Amino acid sequence: MSFPQAGFLNYLELISESNQPIASASLSPLLARILLTSGGTGEPTKATGNLIHLLKAQKATLQAAFDTALAADELRRYQKYAKPGQPSPHIVQLRQKQAAARQASSQSKQALIKAAAAFVRDAGIEVPERVALELYITRWIDINVPKGFAPAT
């Protein structure tokens, strides 16, 4: 499973750890307005830290969805040929794996919603009415956060 915004996430983490200014030339105007202070110094805003948390939560959500689908596929494959009656220890283990994957999926979804709420609040993004926050922010990330990011030097 790959995370398309991994390069940009790594860049933001590196910048936040080293306290270096963010190069606005490598950002879209919308991201520059959200992530940089208005003084033009390249200093990150509070929304930058929230975007880092949001991207980590998005990555965890994608990984959990992948793990859940993988566990379900594996369980289906083995249950197809299972004999009636008491399930084999292997099937029980696969069911436990599936339950753990579902729990991780629920927890990552909750973390995504929490991180999305903080980011939207600090970035001043207006979420349309009757649109789920997680759906809106997932689409916003896909549209606005660069994929395959390589910082300009």
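The structure reproduced in this document is the subject of the present report. (Residues numbered from 1 in each chain as written. Predicted model: local features only at pLDDT ≥ 70, side-chain atom pairs only at ≥ 80, totals over all residues. Heavy atoms only, no water.)

1. Remarks on the overall build of the protein
Reasoning step 1: The secondary structure content of the protein amounts to five helices and zero strands.
Reasoning step 2: Start at the N end of the protein and walk to the C end: the helices and strands fall as α-α-α-α-α.
Reasoning step 3: Its C-alpha atoms put the protein at 70 × 40 × 20 Å along the principal axes.
Reasoning step 4: When burial is assessed residue by residue, the protein has 33% of its 153 residues classed as buried.
Reasoning step 5: Summed over all atoms, the accessible surface of the protein reaches about 9,600 Å², with 54% contributed by carbon and sulfur.
Reasoning step 6: For the protein, the distance from the average site of its 17 positive side-chain charges to the average site of its 11 negative ones is 10 Å. (Helix = DSSP H or I, 4+ residues; strand = E, 2+ residues; numbered from the N terminus. Buried < 20%, exposed > 50% of the residue type's maximum accessible area, 1.4 Å probe, protein only. Areas by Shrake-Rupley, 256 points an atom, 1.4 Å probe, with all protein chains shown as cover. Lys, Arg positive; Asp, Glu negative; His and termini not counted. Charge placed at Lys NZ, Arg CZ, Asp CG, Glu CD.)

2. Some thoughts on the packing of aromatic side chains
Reasoning step 1: A full pass over the atoms with the stated rule returns two aromatic pairs.
Reasoning step 2: Look at phenylalanine 8 and tyrosine 11: their rings are 6.4 Å apart centre to centre, the planes differ by 35 degrees, and that puts the pair in the tilted class. Of this pair, phenylalanine 8 and tyrosine 11 are both found in helix α1 (residues 6–18), three residues apart, which corresponds to roughly one turn of the helix. The pair formed by phenylalanine 8 and tyrosine 11 is uniform in burial state, with each residue classed as buried. (Phe/Tyr/Trp six-rings, centres within 6.5 Å; stacked < 30°, edge-to-face > 60°.)

3. Structural notes on the packing of helix α3 (residues 46–79) against helix α5 (residues 133–144)
Reasoning step 1: In contact at an axis separation of 12 Å, α3 and α5 are set at 105 degrees when each is read in the N-to-C sense. Comparing the axis directions of α3 and α5 gives the class roughly perpendicular. Each of Leu54, Leu55 and Gln58 in α3 lies in contact with α5, whose residues at this interface are Ile137, Thr138 and Ile141.
Reasoning step 2: Grouping the constituent residues of the contact of α3 with α5 by class yields four nonpolar, two polar and no charged. (Axes fitted to C-alpha atoms, helices over the stretch in contact; angles between N-to-C directions. Parallel < 35°, antiparallel > 145°, perpendicular 65-115°, else oblique. Contact = heavy atoms within 4.5 Å. Nonpolar A, V, L, I, M, F, W, Y, C, P; charged D, E, K, R; others polar.)

4. Digging into the pattern of salt bridges
Reasoning step 1: Across all of its chains, the model carries four salt bridges by this definition.
Reasoning step 2: Between lysine 109 and glutamate 134 there is a salt bridge, and its shortest N-O distance comes to 3.7 Å. Here lysine 109 is found in helix α4 (residues 89–123), whereas its partner glutamate 134 is found in helix α5, with 25 residues between them in sequence.
Reasoning step 3: Taking the relative accessible area as the measure of exposure, lysine 109 reaches 39% and is therefore partly exposed. (Salt bridge = Lys/Arg side-chain N within 4 Å of Asp/Glu carboxyl O.)

5. Comments concerning α5
Reasoning step 1: Taking 1.5 Å of rise per residue, twelve residues should cover 16 Å, and α5 covers 16 Å from first to last C-alpha, within 8% of that figure.
Reasoning step 2: Buried residues of α5: Ile137, Trp140, Ile141 and Asn144, and no others. For α5, the angular spread of buried residues about the axis comes to 100 degrees, placing them on one side. Residues of α5 that are exposed and point more than 90 degrees away from the buried face comprise Leu135, Arg139 and Ile143.
Reasoning step 3: Where α5 is buried, its residues contact α2 (29–35), α3 and α4. (Expected span 1.5 Å × (residues − 1). Arc of directions from axis to C-beta.)

6. Considering the nonpolar core
Nonpolar side chains in soluble globular proteins generally cluster together in the buried interior.
Reasoning step 1: In terms of nonpolar packing, the biggest core is built from 30 residues, with Phe8, Leu51, Leu54, Leu55, Phe119 and Trp140 touching the most fellow members.
Reasoning step 2: If you list the elements that add at least two residues to this core, you get α1, α2, α3, α4 and α5.
Reasoning step 3: The contact partners of leucine 55, leaving out residues within four places of it in the chain, are Phe3, Gln5, Phe8, Leu9, Leu12, Ile141 and Val145. (Core = buried A, V, L, I, M, F, W, Y, C linked by side-chain atoms within 4.5 Å.)

7. Overview of the packing of α1 against α3
Reasoning step 1: At their nearest, the axes of α1 and α3 sit 10 Å apart, and the two run at 140 degrees to each other. The angle between the axes of α1 and α3 places the two elements in the oblique class. The two elements α1 and α3 meet at a crossing, and its hand is left-handed. Residues Phe8, Leu9, Leu12, Glu13 and Ser16 of α1 touch α3, and the partners they reach there are Thr48, Leu51, Ile52, Leu55 and Lys56.
Reasoning step 2: A per-class count over the contact of α1 with α3 returns six nonpolar, two polar and two charged. (Left-handed = near helix turned anticlockwise from the far one by under 90°.)

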